[in-house]
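Analysis of the macromolecular model
Residues per chain are reported as follows:
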Amino acid sequence: MQLHVPPLPDKVTASLAGVVVAAFVIARLSKPKKLDTIPTFGSTTWLGSWWAGITFITNGIDVIQEGCEKHKAAPFKVASLYNWMVIVNGRKYLEEMAKSSVNELSALGAANDAFKIEYTLGHPVYENPYHNTVLRSRLTRNIGILYPEIRDEVVTALEETLNLKDNEWKSVPALQTFEQVVCRTTNRAFVGLPLCRDPDWIDLNIRFTLDAFTASVIIGLFPNFMTPLVAPLVTTAPRNIRRGMKHLRPIIEERQKQLDEYGKTWANKPNDLLSWLMDDAEGSERTVKSLTMRVLSINFAAIHTSSNGFAQALYNLAANPQYIQPLREEVESVVETEGWTKAALMKMHKIDSVLKESQRLEGVGALTMLRQTGKDFTFSDGTVIPQGTIVGFASRFTHLDDELYENAEMFNPFRFADMRERDEGANGAKHQMAAISPEFLAFGYGKQACPGRFFAATELKTMLAHVVVSYDIKLEDGATHPESFRFASLMGANGDARLMFRKRVL
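Below you will find a few notes about this structure.

This paragraph deals with the sheet that holds strand S1 (residues 76-79). A sheet is described by the order of its strands in space; here 5 strands give the open sequence S1-S2-S8-S5-S3, paired in mixed fashion. Each of the sheet's edge strands pairs with one partner strand only, and the pair in question is S1 and strand S3 (105-106). Contacts from helix H4 (residues 107-115) reach S3, strand S5 (368-373) and strand S8 (390-393), with the element oriented near 90° to S5.

See the structure below:
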């Protein structure tokens, strides 16, 4: 997919290029003095740091890994195109970041710096992220109630998307297939039937995610002061929001009538994310446009991360088929006594472990807990991070630490299931997929950890459990484990890889 950017006159293009070069030089020469005390991984000269910034874009994951190996637990900085990013590692810094206030270290500020939320998703999403509270409380509390619908959509979406015939093997584009299934299942809980199955709604949400990411990358190639000029040329958010409003307007208007007449409780009120957002929305947030923007933005976060995580798990199992039978035996044994319920999922330790181990090895990048300093932030060792600086914790370095995980670079699908068996009771629960800990940081850590992680874990475990008992999977002939996509500090499942599916042969 490509974005259409209107061609610019040669003189304008040359002028923009000149501004970008000038901005780069100014940025390098105006580096905050307080950053000078933090060691640099790479060159510190303005030309050398420019090349280091290019290198970070193309090979950021290795840059961070090598920087951590060199500086151990000491903070260091790496160059991006126009700024410096501070990388920290080690339990002490992790705990101090986790305990910091939102005003000191802001996850939203860092997300806006990376993804230009104000322009790619919309200003209200950045200025008033009330949806995070809705996800953390209402969505999490309702997972058990919604589970029959989640399970139904997983089964139906996989059957319809794969569209298998008899017992024949079929090659499918893995990531694109899972995006469809994740989108449908997620939106069963977000907007309900029948909209969650509408082809245009599904296409819109998947496209919105890809468009927003692409636009943020392009905007990021320019200095911040040019963002208001560049963003309108590359972002498709206004068009996508109008498209979404066509679907949501009649639903929102009908629900608003009920809200106005009966308040927040009425007979047969839909129990979904849209209803919860409408319950909590105030003022301008109650408009069709704002609510549409909000739903699309939550989908932006949910679809990419969940489909990526599921694809990585399936790639690992297809490359290591000897682990599929133990998963089948676990699922069949649990379902026989518990049925397909949320309680059953809690007992599927191996299913949970495969997904968590895949996240550990092939998560969404080398950094988690990306934060932007709202003011000068001082760690307990005296390291000062200037206001406006991006700070990231080196989670991949932690996940690949042999002192924490035996043979850390090896895929061990039942690693966390074994840990749960060893640490029985309450201590065992800390090894489940949705749990956050200093050793496992895929969902972040502390007060600003991912608010939707329990829903995501439920969705992914249901998908994997259903796949292993209902389908046979394998790599295409001659194929090996698909290599992950890398960009800067980000990592993603291979988007070109294909998997073979057939109905399970008993």
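Its location among the elements puts Arg371 in strand S5. One buried charged residue, Arg371, forms no salt bridge at all, with the nearest opposite charge on Glu104 at 10 Å. With residues up to four places along the chain from it excluded, the contact list for Arg371 reads Met97, Leu105, Ser106, Ala107, Ala110, Thr389, Ile390, Val391, Tyr445 and Gln448.

Turning to the sheet that holds strand S4 (residues 170-173), a few remarks are in order. Strands pair in a sheet through their backbones, by hydrogen bonds, and they do so in one of two ways: parallel or antiparallel. Spatially, the 3 strands line up as an open sheet ordered S4-S12-S9, and their pairing is antiparallel. Since the sheet does not close on itself, it has two edges, and those belong to S4 and strand S9 (471-475), each with one partner. Strand after strand, the sheet turns through a mean of 35° between neighbouring axes, direction not considered. Pairing geometry for S9 and strand S12 (residues 498-503), over 5 bridges, is antiparallel. Bridge pairing links Leu475 to Leu499 in S12.

Once that is clear, we can look at the packing of aromatic side chains. In this structure the tally under the stated criterion is 14 aromatic pairs. Ring geometry for Phe115 and Phe213: centres 6.5 Å apart, planes at 50°, overall tilted. In this pair, Phe115 is assigned in helix H4 and Phe213 in helix H10 (residues 199-220), connecting sequence segments 98 residues apart. The exposure class assigned to Phe115 is partly exposed, which follows from its relative accessible area of 25%.

Reading the values: the criteria
Residues numbered from 1 in each chain as written. Predicted model: local features only at pLDDT ≥ 70, side-chain atom pairs only at ≥ 80, totals over all residues. Heavy atoms only, no water. Pairing = 2+ DSSP bridges. Helix = DSSP H or I, 4+ residues; strand = E, 2+ residues; numbered from the N terminus. Contact = heavy atoms within 4.5 Å. Axes fitted to C-alpha atoms, helices over the stretch in contact; angles between N-to-C directions. Buried < 20%, exposed > 50% of the residue type's maximum accessible area, 1.4 Å probe, protein only. Lys, Arg positive; Asp, Glu negative; His and termini not counted. Salt bridge = Lys/Arg side-chain N within 4 Å of Asp/Glu carboxyl O. Phe/Tyr/Trp six-rings, centres within 6.5 Å; stacked < 30°, edge-to-face > 60°.

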